[in-house]
Amino acid sequence: MTAILALDTSTPACSVALIQDGVVLEDFRIAPRQHNDLILPMVDQILSQAGLTLAQLDAIAFGRGPGSFTGLRISAGVVQGLAYGADLPVVPISTLAAMALEAHQATYHDDWLAALDARMGEIYVGGYHIAKQDEFWVATETYAERVIVPDNLTQIEQAYQGVGSGWIYQERLNDVLPAPAIQVLSEITPRAACIAQLAAYEFSLNNVVSADQALPVYLRDEITWEKQPARIGKR
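Residues numbered from 1 in each chain as written. Predicted model: local features only at pLDDT ≥ 70, side-chain atom pairs only at ≥ 80, totals over all residues. Heavy atoms only, no water.

A. Looking closely at the pairing of strand S4 (residues 59–65). For S4, the tally of buried residues reaches seven of seven residues, placing the bulk of the element in the interior. Pairing between strand S1 (residues 3–8) and S4: four bridges, direction parallel. Paired with Leu 5 across the two strands is Ile 60, which belongs to S4. Bridge count between S4 and strand S5 (residues 90–94): five bridges; the pairing is parallel. Looking at the pairing, Ile 60 lines up with Val 90 of S5. (Buried < 20%, exposed > 50% of the residue type's maximum accessible area, 1.4 Å probe, protein only. Helix = DSSP H or I, 4+ residues; strand = E, 2+ residues; numbered from the N terminus. Pairing = 2+ DSSP bridges.)

B. Quick peek at the sheet that holds S1. Across the sheet, which stays open at both edges, the five strands sit in the order S3-S2-S1-S4-S5 with mixed pairing between neighbours. Here the strands that pair on one side only, and so sit at the sheet edges, are strand S3 (23–30) and S5. Ignoring which end each strand starts from, the neighbouring axes of this sheet average 20° apart. Packing against the sheet, helix H3 (residues 95–107) makes contact with S1, S4 and S5, and its axis sits at approximately 70° to S5. Its contacts with the sheet put helix H5 (residues 192–204) on S1, strand S2 (13–20), S3, S4 and S5, and the angle it makes with S1 is roughly 135°. (Axes fitted to C-alpha atoms, helices over the stretch in contact; angles between N-to-C directions. Contact = heavy atoms within 4.5 Å.)

C. Local environment of helix H2 (residues 69–86). Helix length check: H2, at 18 residues, gives a terminal C-alpha distance of 26 Å against a target of 26 Å (1.5 Å per residue), a fit within 8%. Where burial is concerned, most of H2 is hidden: 13 out of the 18 residues are buried. Immediately beyond the C-terminal end of H2, within one or two residues, lies Asp 87, with a positive phi of roughly 55°. (Expected span 1.5 Å × (residues − 1).)

D. Just the side chain of Arg 220, in detail. Mapped onto the secondary structure, Arg 220 falls in the segment after H5. Judged by its relative accessible area of 7%, Arg 220 falls in the buried class. Here the side chain of Arg 220 touches Ala 118 through a polar contact of 3.1 Å, landing on its backbone oxygen. One polar contact links Arg 220 to Glu 122, side chain to side chain, over a distance of 2.5 Å. Residues contacting Arg 220, with those up to four places away along its chain left out, are Phe 69, Ala 118, Arg 119, Met 120, Glu 122, Tyr 124 and Val 147. (Polar contact = N/O pair within 3.5 Å; in protein donor to acceptor, adjacent residues only side chain to side chain.)

E. Spotlight on the packing of aromatic side chains. For the coordinates displayed, the defined rule picks out two aromatic pairs. Taken together, a centroid distance of 5.3 Å and an interplanar angle of 85° make the contact between Phe 69 and Tyr 218 edge-to-face. Taken together, the positions of Phe 69 in helix H2 and Tyr 218 in the segment after H5 put the pair 149 residues apart, joining distant regions of the chain. Assessed through its relative accessible area of 5%, Tyr 218 is described here as buried. Just above the ring of Tyr 143 sits the side chain of Arg 146; from NZ or CZ to the centre is 4.0 Å. One Lys or Arg, Arg 191, reaches over the ring of Phe 28 and ends 3.9 Å from the middle of that ring. (Phe/Tyr/Trp six-rings, centres within 6.5 Å; stacked < 30°, edge-to-face > 60°. Lys NZ or Arg CZ within 6 Å of the ring centre and 35° of its normal.)

F. Just the sheet that holds strand S6 (residues 111–119), in detail. Overall, mixed pairing links the five strands, which are arranged S8-S7-S6-S9-S10 in an open sheet. Each edge of the open sheet is held by one strand with a lone partner, namely strand S8 (136–148) and strand S10 (184–185). Sheet topology places S6 next to strand S9 (residues 161–163); three bridges connect them, and they run parallel. Pairing of Leu 113 across the sheet is with Gly 162, part of S9.

G. Structural context of the packing of H3 against H5. Look at H3 against H5: their axes get within 9 Å of each other, and the N-to-C directions meet at 100°. Regarding the angle of H3 to H5, the classification is roughly perpendicular. Contacts between H3 and H5 pair Ala 97, Ala 98, Leu 101, Glu 102 and Gln 105 from the former with Cys 194, Ile 195, Gln 197 and Leu 198 from the latter. Each residue belonging to the contact of H3 with H5 can be placed in one class, and the counts come to six nonpolar, two polar and one charged. (Parallel < 35°, antiparallel > 145°, perpendicular 65-115°, else oblique. Nonpolar A, V, L, I, M, F, W, Y, C, P; charged D, E, K, R; others polar.)

H. Structural context of the pattern of salt bridges. Taken as a whole and assessed by the stated rule, the structure comprises seven salt bridges. A salt bridge links Asp 27 to Arg 29; its shortest N-O distance comes to 2.8 Å. Of the residues examined, Asp 27 reaches a relative accessible area of 11% and is grouped as buried. The salt bridge involving Arg 119 is made with Asp 117; its shortest N-O contact spans 3.2 Å. By relative accessible area, which is 59% here, Arg 119 ends up exposed. Salt bridges here are not isolated pairs; linked through shared partners, they connect Glu 26, Glu 102 and Arg 191. (Salt bridge = Lys/Arg side-chain N within 4 Å of Asp/Glu carboxyl O.)

Structure follows, in structure tokens:
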């Protein structure tokens, strides 16, 4: 029995999920600026619902970015504390890949260009092919993640559907893509359920890091991360 806790605070949404032998429990809320207050009670609630303690988990996964700088710092700090206190490995998962998986599950299209609004006229963007491999969901990166002005998107050779808030620039993106996106799901945000599903595959390959290496990925080089001391004890 494999049990992985997942959380995400990379956007105004706040979510916690648990995947146990393919079955997913999730608490998902749109809660701008409330992540600090909500995330740990949501963790407690999902573990209680599953009848598990932290010590009974196999790993903790989190949306490692890109996304809101503040939100990514919150999730990384919480994961570091929980994983350190329970001596658990961590599975970092791309927030863009998680959106691509959710879009696939909603529509059954396989290829997605996931984009989040990065402000300042830029987007965080990455391309993914979604497929089921045995019992696992897998997101294969087909266009490397980057932060970019939509008009400067280049070297894309395949057709994609669009997902995420970065598709507010839909007309500009379609102008530079080899084929316009027929379907765009701009309302989808990263959520812990999809992070948990992708983490199950990565965990099966032992693609994990230690608690002190649970770090955000900002994509903007000028943003740096300082690890915070773990303050959360073992539960």
